[in-house]
Amino acid sequence: MIGVLGGSGTVGAVTADRLARYGLGPVRVGGRDLGRAAAVAESLDTEAEAVRVDLAHAHSLAEFCAGTSVVVNCAGPSYRVLDTVARAAVAAGADYVDAAGDAVAMTALRENAPEALARRSAVFSAGLMPGLSGLLPRLLAQDGPLARLDAYVGGATAIGPLSAVDALLTRGPGFGSAQALWRDGRVVEHALAPLRGVVLPGFRDRVHAVPFLSAEARALGEALGVDELRNYTVYVSERIPEALARAWADIDAGGDLDAHVPEVVAAADGDVAVGGSWYTLLFHARARERGGSGPTRLLLRTPESYALSGVVAALTVDALVRGKVPAGAHAAADVLDARSVLDALSADPLVDEIDLA
Ligand SMILES: NC(=O)c1ccc[n+]([C@@H]2O[C@H](COP(=O)([O-])OP(=O)(O)OC[C@H]3O[C@@H](n4cnc5c(N)ncnc54)[C@H](OP(=O)(O)O)[C@@H]3O)[C@@H](O)[C@H]2O)c1
């Protein structure tokens, strides 16, 4: 039995669907609203059950995890939940996959790690970003070390209230550093300026690329030993960056974070209203050795970035079930096979284009 906590949400419903399609069921779909969970469970092409669960209550969460072999966490807000669900899963003897989590949740689990983590796996950042953004560029470094890697990830996508809380929480040293890049094994602060109104392959019209050396990008730079890595989040307008900047200024002045959720949701809706929902991942690499024969560009386009995160979470479960993930706490990008994931995504209806050249 695979438990999908938050299986009635935007990410979780797709995770549950792909688990069924991959033949990994039976599936337990959990959320506070039993009716919503039941609707998803009934839609699945596998044996499935719906369970009412509130992760804020330890007993309820423990009951949800009992009898599962893997718990996939698609509930949140992830940066408030941190390692709560991971600890409950491991305590129930299950492995764990987190569609979000990032380095902050993984670090929380590793500090004072449960003894059972010596035998169980907990995989964090198993979504699009973090997730694919840290995994797929590794395909560009398979033929030798890189002198330079540039990453652009973004587009227009609806952000629900729960994910808006996560967007508002994504700042501070645990998450990354604005305007920084990775060079010669260290973070260089204040090195990059936003690229406004740029044209990028695979992105529609002109976009704004905002430099942000995320914890994931930094780990990628370190893992690949790339001489220089530049990481950009791409927006179709100034709506979201401005909404976040306004919110953070108010929060720093003592304002309430949750009060800014509607503003972030509206900003994302405004972007989608202009040109629909679309999202692109673009990676450019330059080899250290001249004349290298490996690929230098990877492009992936999807209409639904949140849904694609659900696919990645399900692919991570697949890797776990096949015994491809060692025990302990890991980022998905460090334990998934980039080529296998790319091949699976190529066959997924949520992917419009993959180009590795
Ligand atoms: N890595 C990535 O690229 C990526 C991309 C997108 C999203 N995410 C993350 O994925 C998570 C889900 O995002 P989403 O947009 O899918 O959210 P969503 O649509 O709001 O879905 C949230 C799900 O969690 C359930 N839930 C919420 N609070 C709960 C609680 N206390 N106990 C149990 N279940 C609860 C909800 O059901 P009920 O309301 O009925 O409880 C629902 O099923 C967020 O943390 C987000 O940051 C990651």
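Residues numbered from 1 in each chain as written. Predicted model: local features only at pLDDT ≥ 70, side-chain atom pairs only at ≥ 80, totals over all residues. Heavy atoms only, no water.

Undergrad: So what's going on with the domain arrangement of the chain? Which residues, and what values?
TA: One can read the domain layout of the chain as domain 1 (2–127 + 306–356) and domain 2 (132–305). A separation of 23 Å is found between the C-alpha centroids of domain 1 and domain 2. Taken residue by residue, the interface counts 29 residues in domain 1 and 31 residues in domain 2. Carbon and sulfur atoms make up 62% of the surface buried where domain 1 meets domain 2, a total of about 2,800 Å² over both sides. Looking at the side of domain 1 facing domain 2, the largest losses of area belong to Tyr 79, Tyr 306 and Leu 356, adding up to 23% of the total buried there. (Domains from an automatic or database assignment. Contact = heavy atoms within 4.5 Å. Buried area = accessible area lost by both parts, 1.4 Å probe.)

Undergrad: I'd like a rundown of the packing of helix α1 (residues 10–21) against helix α12 (residues 305–321), residues and numbers included.
TA: The interhelical angle for the contact between α1 and α12, taken along N-to-C directions, is 45°, at an axis separation of 7 Å. Judged by the inter-axis angle, α1 sits oblique to α12. By crossing handedness, the relation of α1 to α12 is classed as right-handed. Counted together, Thr 10, Val 11, Val 14, Thr 15, Arg 18 and Leu 19 of α1 and Tyr 306, Ala 307, Ser 309, Gly 310, Val 311, Ala 313, Ala 314 and Val 317 of α12 form the full contact between these two elements. The residue inventory of the contact of α1 with α12, partitioned by class, reads nine nonpolar, four polar and one charged. (Axes fitted to C-alpha atoms, helices over the stretch in contact; angles between N-to-C directions. Helix = DSSP H or I, 4+ residues; strand = E, 2+ residues; numbered from the N terminus. Parallel < 35°, antiparallel > 145°, perpendicular 65-115°, else oblique. Left-handed = near helix turned anticlockwise from the far one by under 90°. Nonpolar A, V, L, I, M, F, W, Y, C, P; charged D, E, K, R; others polar.)

Undergrad: Give a detailed account of the side chain of Asp 102, specifying residues and quantitative values.
TA: Its location among the elements puts Asp 102 in helix α6 (residues 102–110). Setting aside residues no more than four positions away along its own chain, Asp 102 makes contact with Tyr 79, Phe 124, Ser 125, Pro 130, Phe 175 and Ala 215.

Undergrad: Before we move on, can you summarise the sheet that holds strand β16 (residues 328–331) with the specific residues and values?
TA: Spatial ordering of the open sheet is given by β3-β2-β1-β4-β5-β6-β16, a layout of seven strands whose pairing is parallel. Since the sheet does not close on itself, it has two edges, and those belong to β3 (48–52) and β16, each with one partner. Across the sheet, the mean angle separating the axes of adjacent strands is 15° when strand polarity is ignored. Of the pairings in the sheet, the one linking strand β2 (residues 27–31) to β3 comprises five bridges and is parallel in character. (Pairing = 2+ DSSP bridges.)

Undergrad: Please set out the site of the ligand residue by residue, giving values where relevant.
TA: Taken together, 28 residues lie near the ligand, and Ser 8, Val 11, Arg 32, Met 129 and Asp 166 sit nearest. Within the backbone of Gly 6, one N or O atom sits 3.2 Å away from an oxygen atom of the ligand. Contacts to the ligand include Asp 33, whose backbone N or O atom sits 2.9 Å from an oxygen atom. When isolated, the ligand has an accessible area of 920 Å², and the protein chains bury 89% of it. In terms of residues, the shell around the ligand owes the most to one element, helix α8 (residues 161–169), which gives three residues. Split by residue class, the shell around the ligand holds 12 nonpolar, 11 polar and five charged. Taken together, domain 1 (2–127 + 306–356) and domain 2 (132–305) each give at least three residues to the shell around the ligand, which thus spans both. (Near = heavy atom within 4 Å. Polar contact = N/O pair within 3.5 Å; in protein donor to acceptor, adjacent residues only side chain to side chain. Areas by Shrake-Rupley, 256 points an atom, 1.4 Å probe, with all protein chains shown as cover.)

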